[in-house]
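Coordinates in review
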Amino acid sequence: MSVLDHGRPPADDLALVAVARRAGRIRTLVIAAVLLAALAALAIVALMLGDRVVAPGDVLTTLLGGGSGGDRFVILGLRVPRLLLGLMVGAAFGLAGAVFQSLLGNPLASPDIIGISQGASAAAVAAILLAGWSGLAVSFAAFGGAVLVAGLITVLAARHGVAGSRFVLVGIALAFLAQAVIGYMLTRSDVRDAQSALVWLVGSLGTVTSEELTSTAVGLVVLVVALAAVSPRLRMLQLGDEAAAGLGVRVTPARLVITLIAVGLAAVATAAAGPVVFVAFVSAPIARRLLGGTGPALVVSALVGALVVTGSDLIAQHAVSNLQVPVGIVTGIVGAPVLLLLLARSNRSRGTA
Amino acid sequence: MLTFTRLATRILGFIALLVVVLLAVGASLLLGSRSIDVAAVLDAVFSRGTKGVEQMVVLDLRVPRTVIGLVAGAALGLAGALMQGLTRNPLADPGLLGVNAGASLAVVTAIAFFGVTAPSGYIWFAFGGAALAATLVYAVASGRTGPSPLSLTLAGAATTAVLTSFITLILLRDLDTLAQYRFWSVGSLVGRDVSTVATLAPFLVVGAATALLLGRSLNSLALGDDVARGLGQRVGLTRIVAGVAIIFLCGSATSLAGPLVFVGLVVPHIVRRFVGADYRWILLWSMPLGAALLVIADTIGRLISPPSEVEAGIVVALIGAPVLIALVRGNKAVTR
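Since the structure is predicted, the reported quantities are computational estimates derived from the model, not experimental observations.

Across its full length, chain A holds 14 helices and zero strands. For chain A, the succession of helices and strands along the chain, N to C, is α-α-α-α-α-α-α-α-α-α-α-α-α-α. By the compact-globule yardstick of 20 Å for 353 residues, chain A fits well, its C-alpha radius of gyration being 22 Å. Each of the three principal axes of chain A carries a C-alpha extent, and together these read 75 × 50 × 40 Å. Going through the 353 residues of chain A one by one, you find that 53% of them count as buried. Look at the contacts in chain A between residues 6 or more apart in sequence, and 71% of them connect residues 24 or more apart. Taken together, the 22 basic and 14 acidic charged side chains of chain A have centroids lying 8 Å from each other.

Right, dumping it as C-alpha cells:
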C-alpha cells in the first residue's frame, strides 16, 4: 500500500524485486538439482564398492528387484541400510544446524557447540563405560542425554522469553559441563574402554540395525513435516523479533517450537550415529555460500549434510584398506576444508566475507 | 561525578580482585590431601634452612602448580577478552582460533611419532602447533582488508574440526598415545615443569603488554569496521596485532597447562557484568580473575576426593558453567 503513495511509478521497482526473487529461486533449484545428482552418483558408488565389487548395472537391477542372491544380500542387506542411515543422519544434522544458526543468528550456534551433542555424548559414554551397555541401548541413552540437555537449556534460558544469545550461552556452559564429565570418565576408565567410547564420540555408521533404521526414519519424517510447517515463521524471525512480531508471528511460542524441532533432529541423528563431528556446523554455511544469500537455506543445507556424510563414509570405508575409520573423523577432514576453501574464495572475490 | 564514581568502583574492584588472587594463592599453598600450616608454608617459601617433608611438598609440588595456574589463568582470561572483542562474538573462546586444536595435534604427534613422554618436552610442540594453526586461520580468513569477525569465527571452527579429526585418527590407532594424551588433554596443573614459565616469559610479557594496549582499539572495533575506520583505526592492523597477542598468550598457556577451554570464555563475561563494555577495563580485570579462577579450581580439585585429584580443567567447567548460566540469566543486556 505504502509503495503506491510514493511519487514514482512503483511497477518498475516491483518488477525488479520479482526478477531478483525469481533469479534466487532458479539458483536454489539449480543448486539443489546439482546436489541431488551428486548424491545419486555417490549413492551408486557406495552401493558398488566393498569386499565384493558390483557393477553399476547390476546395482540397478538388484535395486529394482532382480540380481543374483549374493548381490541381493550384499547390497540390500548391508550397503543400502548403511547408505540410508548416512543420508538421513546427514540431512538431519544439516537441517538442525541450519535451523539453529538462523534462529539464533550466530554461526557458532550449531547443536555440536551448544551442548546437544555433548549431552548425548556424556550419556552415551556413561552408558558404555559405567553401565557396559552397547548397541541400541546406547542410542537410547544418547537420545535421552540430548533431550535432557535441551530441556535444561530451555528451562535455564527461559526468562523474559527464550532469547537467542542467552539460549546459546547457557548451551555452551552445559556443553563444557558435559565435556568435563566425559573427560573425567575417559581418564578414570580402562584405556581400551576409553578407545571404544572414543569411536562412539566421533560418530560412526558401522553398526546399523533395522530397528535403528526404522526409528530414525520415523523420527525424521515427523520432524521434517513439522519443520516444513513452521519454516515461514523461521524466515520472519530471522528479520528480528520485533519485525516478526509486526508480521503477526507470536515470537516466544514460535521460537520454542522451532527450537524443539531442531533439538529433535539433532537428537535423532546423534542417537543413530553418534555426534558425527562438524556436519551440523558446516552444512548451512556451505549451503549459504553456494546460494549467495543469507536465508535459512533449509533444503540445500539438508542436501549438503547428506552429501558430506555419505561422501565421508565412502572415504571412511575404502580410503585406507584394512582399516574402517569412523565416519566422524572423515567429516571433519573433508567438510572443514570445503568451508575453508569457500571462505578463502569469497574473501578474494569480495574483499571481506 | 558519575564518571568519577565509576572510575573509583573499577579501581577498587581491581584491587579487590588482586586480594582474591592473593587469597587463592594462600589457599593453594595451604590446602591439599596433606594440610600444611601457615608457619611451615612461610618457612618453606622464605627460609633457606633445611627442609622437612612439609616444606618439600610446598616447594616441589604446590608452588609450581600455583605459579603455573596464575600465569596460565591470567593469560587465558586476557586472551579470551581479546578474542571476544576481536570477533565481536560473546561466544568466542581463545581456543576458537584453532590454538587448542593445533597445540593438541602437535602434542599427540610428539607422543605418537617422536616418543616424547615428559610433559616438559611438549612445550615447543604445543606452542608451535598453536601458532601454526592460528596463522592458518588468519590466512584463510583474511581478504584484502583483513579478516572479518564472521570469517575468523568460521575459519577457526573449521580448522579446529580438521585438526581434531586427525587427533582422533591417531588416538584410535595408537592405544599408548591415548593413554598419555587423555591426561594432558583435560588440562591440569600437576606434573608440569615450573621452569617452562621462565622459558615462555618473553611471549607472555609481550602478549600481555600488547593485549592491554589494545583496549581503545577494541572499543572502536565494537562499533563496527566502518565506524572504527572513520575514527581513524587501522582495522586490519589491529586484528593482526591482536591475533599475534592471542597466539602468544594462548600458546603459552596451553604449553603450560594443556588445552584449558573454559577460562577464556567465562572470565570476560563475569568481568563485563561489573565494568560494562569498556575493553580497557575488561582486559585489565580479566587477568587477575582468570588467574584466581584457575588456581581456585586446582585447589578444589585437590580437596574433592583426597588422596586422588580431579584435574583443574574439569573443575573449571564444574564451577564456571553454573556461574556463566547464573550470569546469563541475571543479565538483560545479553539478550539485546
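Residue and element names in this part refer to chain B. Under the feature "transmembrane region" (unreviewed entry), the UniProt entry names residues 63-83, 95-116, 122-140, 152-172, 194-215, 236-267, 279-300 and 312-330. Secondary structure across residues 236-267 comprises 88% helix and 0% strand; the distance between its end C-alpha atoms is 26 Å. Along residues 279-300, the helical share is 100% and the strand share 0%, with 30 Å between the first and last C-alpha atoms.

Residue and element names in this part refer to chain A. According to the domain assignment, chain A consists of domain 1 (27-67 + 280-347) and domain 2 (95-275). Put simply, the middle of domain 1 and the middle of domain 2, counted by C-alpha atoms, are 22 Å apart. Across the contact, 17 residues belong to domain 1 and 22 residues belong to domain 2. Carbon and sulfur atoms supply 72% of the area buried between domain 1 and domain 2, which totals about 1,300 Å² over both sides. By the criterion of area lost to domain 2, the three top residues of domain 1 are Phe281, Pro296 and Leu298, representing 42% of everything that side buries. The tally of links from domain 1 across to domain 2 stands at zero salt bridges. Linking domain 1 with domain 2 are three residue pairs in polar contact (both at pLDDT 80 or more), by the criterion used here. The set of elements that each furnish at least two residues to the side of domain 1 that touches domain 2 consists of α12 (279-291), α13 (298-318) and α14 (327-350).

Attention now goes to the UniProt feature "transmembrane region" (unreviewed entry) in chain A. Residues and elements named next belong to chain A. UniProt's feature table lists "transmembrane region" (unreviewed entry) at residues 29-50, 83-104, 125-158, 164-186, 198-230, 256-283, 290-311 and 323-344, given in the numbering used throughout. The span residues 198-230 is 79% helical and 0% strand by assignment, and the distance between its end C-alpha atoms comes to 36 Å. With 82% helix and 0% strand, the stretch residues 256-283 has end C-alpha atoms that lie 23 Å from each other.

Turning our eyes to something else, we now look at the packing of aromatic side chains. With the rule as written, the count across this model stands at eight aromatic pairs over all chains. When the ring of A:Phe176 is compared with that of B:Phe262, the centres are 4.7 Å apart and the planes differ by 70°; the resulting orientation is edge-to-face. Within this pair, whereas A:Phe176 is found in helix α7 (residues 164-188), its partner B:Phe262 is found in helix α12 (residues 262-275), the two belonging to separate chains. When its relative accessible area of 16% is taken as the criterion, A:Phe176 is described as buried. For the pair B:Phe114 and B:Phe125, a centre-to-centre distance of 5.7 Å together with 40° between the ring planes defines the contact as tilted. Separated by eleven residues along the polypeptide, B:Phe114 in helix α4 (residues 99-114) and B:Phe125 in helix α5 (residues 123-141) bring together distant segments of the chain. Given the relative accessible area of 55%, B:Phe114 is considered exposed. Three or more aromatic residues joined by ring pairs form one cluster here, namely B:Trp124, B:Phe127, B:Phe203 and B:Phe248.

The subject of this paragraph is the pattern of salt bridges. Per the counting criterion, the structure on display carries nine salt bridges over all chains. Among the ionic pairs, A:Arg82 bridges to A:Asp313, the shortest N-O distance being 2.8 Å. Linking A:Arg82 in helix α4 (residues 69-104) with A:Asp313 in helix α13, this pair joins segments that are 231 residues apart in sequence. Just as A:Arg82 is buried, A:Asp313 falls in that class too. Salt bridges here are not isolated pairs; linked through shared partners, they connect B:Arg65, B:Asp298, B:Arg302 and B:Glu309.

Residues and elements named next belong to chain B. On the surface, a cluster of nonpolar side chains totalling about 550 Å² of accessible area is made up of Leu7, Ile11, Leu12, Ile15, Val19 and Leu23. Checked against the element boundaries, Leu7 lands in helix α1 (residues 2-30). By relative accessible area, Leu7 is classed as partly exposed at 39%.

So, about the interface of chain A and chain B. At the junction of the two partners, chain A supplies 57 residues and chain B supplies 57 residues. Across the chain A/chain B interface, buried area totals approximately 4,800 Å², and carbon plus sulfur atoms make up 75% of it. At the boundary of chain A and chain B, one finds one salt bridge. Summed over the shared surface of chain A and chain B, the result is eight residue pairs in polar contact (both at pLDDT 80 or more). For the side of chain A that touches chain B, the elements supplying multiple residues, two or more each, are α6 (136-157), α7, α8 (191-202), α12 and α14 of chain A. Looking at which element gives the most residues to the side of chain A that touches chain B, the answer is α7(A), with 16 residues.

Conventions we followed
- Numbers given for residues are sequential positions, taken from 1 along each chain in its written order.
- To label them, take the chains in the order written and letter them from A, then take the ligands in the order written and number them from 1.
- It should be noted that, the model being predicted, local features are given only for residues of pLDDT at least 70 and side-chain atom pairs only at 80 or more, the latter also being counted only at that level, while totals for whole chains, interfaces and linings use all residues.
- Think of the side-chain values as coming from all heavy atoms in the structure, minus any hydrogens and water.
- Think of it this way: any DSSP run of H or I at least four residues long counts as a helix, any run of E at least two long counts as a strand, and we number them from the N terminus.
- Taken over C-alpha atoms, the radius of gyration is set against a globule rule of 2.2 Å times the number of residues to the power 0.38.
- Each residue is placed in one exposure class: buried if its accessible area under a 1.4 Å probe, protein chains only, is under 20% of its type's maximum, exposed if it is over 50%, and partly exposed if it falls in between.
- Contacts between residues were defined by any pair of non-hydrogen atoms, one from each residue, lying within 4.5 Å.
- Lys and Arg are tallied as positive, Asp and Glu as negative. Neither His nor the chain termini are counted.
- Here the site of a charge means NZ on Lys, CZ on Arg, CG on Asp, or CD on Glu.
- UniProt positions are given in the numbering used here, feature names are shortened, and annotations may be inferred rather than shown by experiment.
- The domain boundaries here were taken from an automatic or database domain assignment.
- Values labelled buried area give the accessible surface lost by two parts on being combined, using a 1.4 Å probe and summing over both.
- Put simply, a salt bridge is a Lys or Arg side-chain nitrogen that is within 4 Å of an Asp or Glu carboxyl oxygen.
- Identification of polar contacts relies on pairs of N or O atoms within 3.5 Å, with a donor-acceptor requirement for protein atoms, meaning one able to donate a hydrogen and the other able to accept it, and with residues adjacent in sequence counted only if both atoms are side-chain atoms.
- Under the pairing criterion, centres of Phe, Tyr and Trp rings, with the six-membered ring standing for Trp, must be within 6.5 Å; the plane angle then separates stacked pairs below 30 degrees from edge-to-face pairs above 60, leaving the rest tilted.
- Without a salt bridge and with relative accessible area above 30%, a residue can belong to a patch; like charges are then joined within 9 Å and nonpolar side chains (Val, Leu, Ile, Met, Phe, Trp, Tyr) within 5 Å.
- Where accessible areas are quoted, they stem from the Shrake-Rupley method and a 1.4 Å probe; at the residue level, only the protein chains shown are allowed to cover.

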